[in-house]
Amino acid sequence: MFRTIVILLLRSVGVLLIVSFFTFCITFSDGIGIARSVLGLSASDEQVAAKAAELGLDRPLIVQYLDWLSGLVTGDLGASFLTGQSVTEALSTRVPVTLSLIILTMILTTVISVVLGVTSALYGGWIDRALQFISVLGAAIPGYILGIGLIFAFAIAIPYFPATGYIRATDSVQGWLWSLTLPVLALLVGAIANAAAQFRGSMLDALSQDYVRTLRSRGIPESQLLFRHVLRNAGGPGLVVLSLTTLGLFGGALFIEAIFALPGVGLLSVSAALAGDVPMVMGVVVVVIVLVLVVNLLADVLGSLLNPKARIR
């Protein structure tokens, strides 16, 4: 298992280097254009050239990338070309907001999806029909539309939750939960629709296997059969869907943060892209890449624990 984790870590580092290099080349390829964007269209060619030299954009791309990479190793992602603010400092206040939104959504998604999927596969009936309805609803209604509806219903018509804004958990735990309730619900329906249906299908497939009938014939209690054997075999496909759902939440969080005015990475990326602030854009890209790699790494490790055959030899 240790060998598997080491190989997965090395693979993740390799992916980070490759993706960050190509992203950096695309983002910083037009040094003159970036300098003109910083100064404005009225700037002369001499001023633009001087600004490009000042920002180090006149150097070869590989030199710029290696300089940026050395800063990444020490936690220094550079400074904004427009405001001079440290990119690392800006991200340190934004990333916790986005992570709070995604982690809360995934915890609820995992618990509710497993309960619904397992119950639906075991008992069917109205629970199965309710799960199918949720799946159709989640697929039909985009998260941002649901978010707008939740604001009208529970922040305007019934002013129980705040429509916009964010309260840090260090200031008030209750206020933090209240400020994230509607955004989490907006993401939750679609996430549950995908994951619960997958868990239901995996459970039905596992329950139909010959080993289940063999274990039942030996008199093994149903609860032991379910938790020690069936769930473990059905957990692999469900885990894959949960990891993909988590990755999808990064895109969904972009719109949800804009609707609920949450000061997360989504709003920062939009404002930086519109302003042409390439160091900030690059910082956001790296953070997203790292988070995606962490999610994939955790999914691979948990998958190896559930299925030893999947371990790298």
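Residues numbered from 1 in each chain as written. Predicted model: local features only at pLDDT ≥ 70, side-chain atom pairs only at ≥ 80, totals over all residues. Heavy atoms only, no water.

1. Brief notes about the pattern of salt bridges
So, step 1. This structure, assessed with the given rule, holds three salt bridges.
So, step 2. One salt bridge connects R36 with D45, and the closest N-O pair in it is separated by 2.8 Å. (Salt bridge = Lys/Arg side-chain N within 4 Å of Asp/Glu carboxyl O.)

2. Overview of the packing of helix α5 (residues 87-123) against helix α11 (residues 265-275)
So, step 1. Packing of α5 against α11 brings their axes to within 8 Å, and their N-to-C directions diverge by 130°. The orientation of α5 relative to α11 falls into the category oblique. Judged by residue contacts, L91, R94, V95 and T98 of α5 engage V265, G266, L267 and L268 from α11.
So, step 2. In the contact of α5 with α11, the residues fall into five nonpolar, two polar and one charged. (Axes fitted to C-alpha atoms, helices over the stretch in contact; angles between N-to-C directions. Helix = DSSP H or I, 4+ residues; strand = E, 2+ residues; numbered from the N terminus. Parallel < 35°, antiparallel > 145°, perpendicular 65-115°, else oblique. Contact = heavy atoms within 4.5 Å. Nonpolar A, V, L, I, M, F, W, Y, C, P; charged D, E, K, R; others polar.)

3. So, the nonpolar core
So, step 1. Grouped together as the largest cluster of nonpolar side chains are 54 residues, with contacts concentrated most on F28, W68, L91 and L101.
So, step 2. Filtering out sequence-adjacent residues up to four positions away, L91 remains in contact with L77, P96, L268, G283, V284 and V287.
So, step 3. Among the nonpolar cores identified, the runner-up in size contains 11 residues, and V118, M203, V212 and A234 belong to it. (Core = buried A, V, L, I, M, F, W, Y, C linked by side-chain atoms within 4.5 Å. Buried < 20%, exposed > 50% of the residue type's maximum accessible area, 1.4 Å probe, protein only.)

4. Focus on the packing of aromatic side chains
So, step 1. Across all of its chains, the model carries 10 aromatic pairs by this definition.
So, step 2. When the centroid spacing of 5.9 Å and the interplanar angle of 50° are considered together, the rings of Y160 and W178 count as tilted. You can see Y160 sitting in the loop between α7 (143-157) and α8 (173-207) and its partner W178 sitting in helix α8, a full 18 residues away along the chain.
So, step 3. When its relative accessible area of 51% is taken as the criterion, Y160 is described as exposed.
So, step 4. For W178, a relative accessible area of 32% puts it in the partly exposed group. (Phe/Tyr/Trp six-rings, centres within 6.5 Å; stacked < 30°, edge-to-face > 60°.)

5. Focus: unusual backbone geometry
So, step 1. Despite not being glycine, A261 shows a phi value in the positive range, around 55°.
So, step 2. Looking at where A261 falls in the secondary structure, it is placed in the loop between α10 (222-260) and α11.
So, step 3. Classification of A261 as partly exposed rests on a relative accessible area of 38%.

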